[in-house]
Amino acid sequence: MAEERVGQVVFEAEEIAAAVRRLARAIAADASGEPLLLVGVLKGALFFVADLARALPPSLDVRVDYVAAASYGDSHRSSGQVRLLKDTSQSVEGKQVVLVEDIVENGWTLQYLSGLFQARRPASLRSCTLLDKPYHRRTEVAPTYVGLRVPDAFIVGYGLDYQEKYRHLPYLAKIAPCASGETRGRPGNKEA
Ligand code: PRP
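Residues numbered from 1 in each chain as written. Predicted model: local features only at pLDDT ≥ 70, side-chain atom pairs only at ≥ 80, totals over all residues. Heavy atoms only, no water.

> Any chance you could explain unusual backbone geometry here in plain terms?
Excluding glycine, residues mostly carry a negative phi; peptide bonds, for their part, are mostly trans. For the bond running from L42 to K43, omega is 0°, close enough to zero to count as cis. Even without being glycine, E164 reaches a positive phi, approximately 70°. Mapped onto the elements of the fold, E164 is located in the loop between β8 (155-156) and β9 (172-175). The phi dihedral of Y166 is positive, around 75°, even though this residue is not glycine. (Helix = DSSP H or I, 4+ residues; strand = E, 2+ residues; numbered from the N terminus.)

> Is there a simple way to think about the packing of helix α1 (residues 13-31) against helix α2 (residues 46-55) in this case?
Running from N to C, α1 and α2 cross one another at 55°; their axes reach a closest spacing of 9 Å. Regarding the angle of α1 to α2, the classification is oblique. Remark: the crossing between α1 and α2 carries right-handed chirality. Here α1 contributes V20, L23, A24 and I27 to the contact with α2, which in turn contributes F48, D51, L52 and A55. Counted by class, the contact of α1 with α2 contains seven nonpolar, no polar and one charged residues. (Axes fitted to C-alpha atoms, helices over the stretch in contact; angles between N-to-C directions. Parallel < 35°, antiparallel > 145°, perpendicular 65-115°, else oblique. Left-handed = near helix turned anticlockwise from the far one by under 90°. Contact = heavy atoms within 4.5 Å. Nonpolar A, V, L, I, M, F, W, Y, C, P; charged D, E, K, R; others polar.)

> Whenever I open this one, the confidence of the model for the protein confuses me. Can you help?
Low-confidence regions, as indicated by low pLDDT, have predicted coordinates that should not be scrutinised in detail. In this model, the protein carries a mean pLDDT of 90, and residues with pLDDT of at least 70 account for 87%. Contacts of residues 181-192 to residues separated by more than four positions or lying in other chains number 39 contacts, the stretch itself having pLDDT below 50. (pLDDT = per-residue confidence, 0-100.)

> How do you make sense of the site of the ligand when you look at a structure like this?
Near the ligand you find 17 residues, and of these E101, D102, E105, G107 and T109 are the closest. At 3.1 Å from an oxygen atom of the ligand is found a side-chain nitrogen or oxygen belonging to R167. Isolated, the ligand exposes 500 Å² of accessible area, and the fraction of that covered by the protein chains is 92%. Looking at the shell around the ligand, the elements with two or more residues in it are β5 (96-104) and α3 (108-118). The element contributing the most residues to the shell around the ligand is β5, with four residues. Its residues assigned to classes, the shell around the ligand comprises four nonpolar, five polar and eight charged. (Near = heavy atom within 4 Å. Polar contact = N/O pair within 3.5 Å; in protein donor to acceptor, adjacent residues only side chain to side chain. Areas by Shrake-Rupley, 256 points an atom, 1.4 Å probe, with all protein chains shown as cover.)

> I tried to follow the packing of aromatic side chains on my own but got confused; where do I start?
The way to describe two aromatic rings as a pair is by their centre distance and the angle between their planes. Counted under the stated rule, the structure contains two aromatic pairs. Look at F47 and Y158: their rings are 6.3 Å apart centre to centre, the planes differ by 40°, and that puts the pair in the tilted class. A residue pair is termed long-range when its members are at least 10 positions apart, and F47 in helix α2 and Y158 in the loop between β8 and β9 qualify at 111 residues. Take F47: its relative accessible area is 34%, and that puts it in the partly exposed class. Judged by its relative accessible area of 7%, Y158 falls in the buried class. A cation sits over an aromatic face here: R120 above F117, 5.1 Å from the ring centre. (Phe/Tyr/Trp six-rings, centres within 6.5 Å; stacked < 30°, edge-to-face > 60°. Buried < 20%, exposed > 50% of the residue type's maximum accessible area, 1.4 Å probe, protein only. Lys NZ or Arg CZ within 6 Å of the ring centre and 35° of its normal.)

> Please explain the pairing of strand β6 (residues 124-132) as it appears in this structure.
Consecutive side chains of a regular strand alternate in pointing toward one face of the sheet and then the other. Counting buried residues along β6, seven of its nine residues qualify, which places the element largely inside the surrounding structure. With eight bridges joining them, β5 and β6 adopt parallel strand pairing. Looking across to β6, one finds that L99 is bridged to S127. Note on the crossover from β5 through α3 to β6: the handedness is right-handed. Relative to strand β7 (residues 145-149), β6 runs parallel, the two being bridged by four bridges. (Pairing = 2+ DSSP bridges. Right-handed = clockwise from strand over helix to strand, strands pointing away.)

Spelled out as structure tokens, the structure:
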């Protein structure tokens, strides 16, 4: 069995940074000077939410919190049932909340979190994803803010992993299949 290898770079670090700045401008414009709670979805969004928060105007009242979520299912097939592994440490009631995802594919994670947070009566609830694969959607969810649309390939780097590796890469790159016949978008993870 061949080792997987990181292949073609899809977005360089500067292209990611430019997308983060664009998203921050849009989020700040909609915030209208009111306090904002960014909720990063771990682990994939760990770098994105950190960079997004720092790209927002220093004058804005910005808080950062995290959730962690995972889908039930085996390593190759997500069942669409999402469970919460870690909740926020602060209440979201009455707050202007933005869920921050690294990538939206099927949309199950965002759909689950949107329902969970909406029930907690925030003042507003928006969602922001750095990367989008709208052609993989199996739910009705539509992120409020989308940074970059990615090709139908397994992408690693800038928080995204392959079997927990490659999150640390400062760019986003395709990864070559690690086993014969494994050509799906996200090997060993979310593709149904
Ligand atoms: C990834 C990603 C999103 C979710 C998107 O998380 O970070 O949260 O999948 O997929 P969906 O739209 O099909 O629900 P993953 O479960 O791989 O965990 P990780 O962030 O800890 O790597």
